[in-house]
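Listed here are the chains, written in short residue letters.
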Amino acid sequence: VGEQVLLKCSFKSSSPITESLLVDWTYRPLTGGQMETIFHYQSVPYPPTAGKFKDRISWFGNVARGDASIAIQSPALSDNGTFICSVKNPPDV
């Protein structure tokens, strides 16, 4: 709690990395409910503009190195839940 947390995500693709590569991070609270997209990357990072993670997520990835990691600033116990990293590099998924 209170310190920046790094959520690591690494990937491999048999296709060359292009600007078509997409990264989506989704989140579901421990209490359940809908999965929500909390971060999107396509050529450039698109941090959340609303919701509980607004202004708290930073891109730490380097897609050329197979890294799609993000960092969350000022985490709280209420942030506990399931975080899923999804990488699509057409035609690879």
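Per an unreviewed UniProt entry, the chain goes by MPZL3 protein and derives from Falcunculus frontatus. The chain has a UniProt comment under Subcellular location (unreviewed entry) that states "Membrane".

> Could you give an account of the pattern of salt bridges, with specific residues and numbers?
The tally for this structure, following the rule as stated, stands at three salt bridges. Between lysine 54 and aspartate 55 there is a salt bridge, and its shortest N-O distance comes to 3.3 Å. Note that arginine 56 and aspartate 79 form a salt bridge whose closest N and O atoms lie 3.0 Å from each other. With arginine 56 in the loop between β4 (44-46) and β5 (57-59) and aspartate 79 in the loop between β6 (70-72) and β7 (81-88), this pair connects stretches of sequence that are 23 residues apart. The buried category is assigned to aspartate 79, whose relative accessible area is 5%.

> Tell me about the UniProt feature "domain: Ig-like" (unreviewed entry) in the chain, and name the residues and values.
Sites flagged by UniProt as "domain: Ig-like" (unreviewed entry) map to residues 1-93. This span, residues 1-93, is 0% helix and 38% strand, and a straight line between its end C-alpha atoms measures 34 Å.

> Describe the state of the cysteines, listing the residues and the values that go with them.
Defined simply, a disulfide is a covalent bond joining two cysteines at their sulfur atoms. Under the definition given, this model contains one disulfide. With its sulfur 2.0 Å from that of its partner, cysteine 9 forms a disulfide with cysteine 85. Measuring the twist about the S-S bond at about -70 degrees, one finds the cysteine 9-cysteine 85 disulfide to be left-handed. Placement of cysteine 9 in the loop between β1 (5-7) and β2 (22-29) and of cysteine 85 in strand β7 is noted, with a sequence separation of 76 residues between them. Using a relative accessible area of 9% as the deciding quantity, one classes cysteine 9 as buried. Judged by relative accessible area, which is 22%, cysteine 85 ranks as partly exposed.

Cut-offs and rules
Residues numbered from 1 in each chain as written. Predicted model: local features only at pLDDT ≥ 70, side-chain atom pairs only at ≥ 80, totals over all residues. Heavy atoms only, no water. UniProt positions renumbered as here; feature names shortened; annotations may be inferred. Salt bridge = Lys/Arg side-chain N within 4 Å of Asp/Glu carboxyl O. Helix = DSSP H or I, 4+ residues; strand = E, 2+ residues; numbered from the N terminus. Buried < 20%, exposed > 50% of the residue type's maximum accessible area, 1.4 Å probe, protein only. Disulfide = S-S within 2.5 Å.

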